[in-house]
Amino acid sequence: METTSLRNWKALAQSIIKGKEITYNEALQLLYVPDEEVLEVMNAAYLIRHHHYGKKVKLNMIINTKSGLCPEDCGYCSQSIVSEAPIDKYAWLTKEKIIEGAFEAQKRKAGTYCIVASGRRPTDKEVAHVVGAVKEIRQKTDLKICACLGFLTDDQAHELVEAGVHRYNHNLNTHADNYDNICSTHGYEDRVDTVTTSKKAGLSPCSGAIFGMGETNEQAVELAFQIKKLDADSIPCNFLVAVPGTPLEDKKTLKPMQCLKLLAMMRFVNPTKEIRISGGREVNLRSLQPLGLFAANSIFVGDYLTTQGQEPTADWGLIEDLGFEIEECAL
């Protein structure tokens with residue numbers, strides 16, 4: 001695609017605010033704009049972001065309640081069965097540890113607490129373990145609770161709803177046509193089915209992407225529209241961290257400007273949704289992290305599952321320097 005557009009991105013943003021839906025070709029053009037046009041694009045994306053979310057930034061914190069020991073072979077993941085990455089491996093944290101994590105999330109000014117466990121799918125006993133912790137967390141805090149436990153049965157999804165879980169994360173990760181290149185133990189449709197199952201049970205769907213896994217720009221845009229079709233309320237935009245010891249260890253880090261284009265594209269395609277800059281932002285966006293929040297309205301604070309984030313105080317400072325505000329209650 002040609003990279004000489006300099007179209008009126010602000011006018012397009014204003015039309016989207018009024019209800020127009022961006023076309024596939026317009027979204028694709030966002031990923032091909034020349035770098036000198038990126039500030040124009042981010043300014044336009046901010047018009048949409050500000051219309052729906054003002055200057056508020058949502059903070060999310062992850063707790064890795066079960067690390068490694070996963071039978072899946074996802075090529076990006078340091079916890080997979082094919083990974084040789086030197087990570088901590090442990091079975092489920094105690095209920096008390098999960099509850100302690102919720103109080104830590106509050107200290108970090110996070111409004112959403114994400115309970116994550118590795119594995120293909122949880123057993124009923126494991127779901128009951130999470131349910132016990134969630135019920136107590138809901139009694140003692142006003143945190144929004146998100147769970148990410150793998151594939152779910154209908155009954156398990158309903159149990160999580162009844163316990164007080166608000167949201168369920170299950171990322172599509174990459175385009176359907178690229179999926180076989182990153183995983184063979186399950187398929188793209190399995191992920192779509194899980195998002196659908198959680199949504200039918202009454203859980204707010206959270207589903208996003210990991211960019212930088214060999215997808216084309218065209219596939220990235222089609223994935224954004226697939227997420228739109230699923231009507232995900234929260235959309236994590238991860239950027240691959242090529243962890244040594246994983247099959248994707250040789251993938252090159254995305255350039256910061258390309259990350260900004262991807263975030264802007266996701267905002268234009270999903271204007272009303274929570275767009276979260278997720279794993280890999282420190283490594284891929286580097287010094288341009290603040291600019292990402294002109295399109296996104298949410299970030300993770302602290303560490304990720306097996307990779308380190310930056311200190312919460314650095315994120316607080318980043319938000320303050322932009323003139324934005326932390327939304328400490330996400331309910």
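Residues numbered from 1 in each chain as written. Predicted model: local features only at pLDDT ≥ 70, side-chain atom pairs only at ≥ 80, totals over all residues. Heavy atoms only, no water.

A. Geometry of the pairing of strand β3 (residues 144-148). Within β3, five of the five residues are buried, leaving the element largely enclosed by the surrounding structure. The side-chain alternation of β3 yields two buried faces, one formed by K144, C146 and C148 and the other by I145 and A147. By the bridge criterion, five bridges tie strand β2 (residues 112-117) to β3 in an arrangement that is parallel. If you follow Y113 over to β3, its bridge partner there is I145. Two strands pair when backbone bridges link them, and β3 and strand β4 (residues 167-169) are joined in this way by two bridges, in the parallel orientation. Bridging from a neighbouring strand, A147 pairs with Y168 of β4. (Buried < 20%, exposed > 50% of the residue type's maximum accessible area, 1.4 Å probe, protein only. Helix = DSSP H or I, 4+ residues; strand = E, 2+ residues; numbered from the N terminus. Pairing = 2+ DSSP bridges.)

B. Structural detail: helix α4 (residues 95-107). Between its first and last C-alpha atoms α4 spans 19 Å; for 13 residues at 1.5 Å apiece the expected length is 18 Å, and the two agree. Its buried side turned inward, α4 meets β1 (56-66), β2 and α5 (124-140). The first or second residue beyond α4 is K109, which carries a positive phi of 70°. (Expected span 1.5 Å × (residues − 1). Contact = heavy atoms within 4.5 Å.)

C. Looking closely at the UniProt feature "binding site: [4Fe-4S] cluster" (unreviewed entry) in the chain. Feature annotation in UniProt assigns "binding site: [4Fe-4S] cluster" (unreviewed entry) to the following positions: C70, C74 and C77. You can see C74 is positioned in the loop between β1 and α4. Not counting chain neighbours up to four residues away, the residues in contact with C74 comprise S80, I182, C183 and H186. Along the chain, C77 falls in the loop between β1 and α4. Residue classification places C77 among the partly exposed residues on the basis of a relative accessible area of 21%. Aside from chain neighbours lying at most four places away, what touches C77 is S83 and T246. (UniProt positions renumbered as here; feature names shortened; annotations may be inferred.)

D. The arrangement of the packing of aromatic side chains in detail. Under the defined criterion, the tally for this structure stands at six aromatic pairs. Over the ring of W316 we find K109, and its NZ or CZ is 4.4 Å from the ring centre. (Phe/Tyr/Trp six-rings, centres within 6.5 Å; stacked < 30°, edge-to-face > 60°. Lys NZ or Arg CZ within 6 Å of the ring centre and 35° of its normal.)

E. Looking closely at the pattern of salt bridges. Here the structure, examined in full by the defined rule, presents 17 salt bridges. For K199, the salt bridge is made with D231, and the minimal N-O distance between the two is 3.5 Å. You can see K199 sitting in helix α7 (residues 188-201) and its partner D231 sitting in the loop between α8 (217-230) and β7 (234-239), a full 32 residues away along the chain. By relative accessible area, which is 35% here, K199 ends up partly exposed. Several salt bridges converge on common partners, so that one network encompasses K199, D231, D233 and K273. (Salt bridge = Lys/Arg side-chain N within 4 Å of Asp/Glu carboxyl O.)

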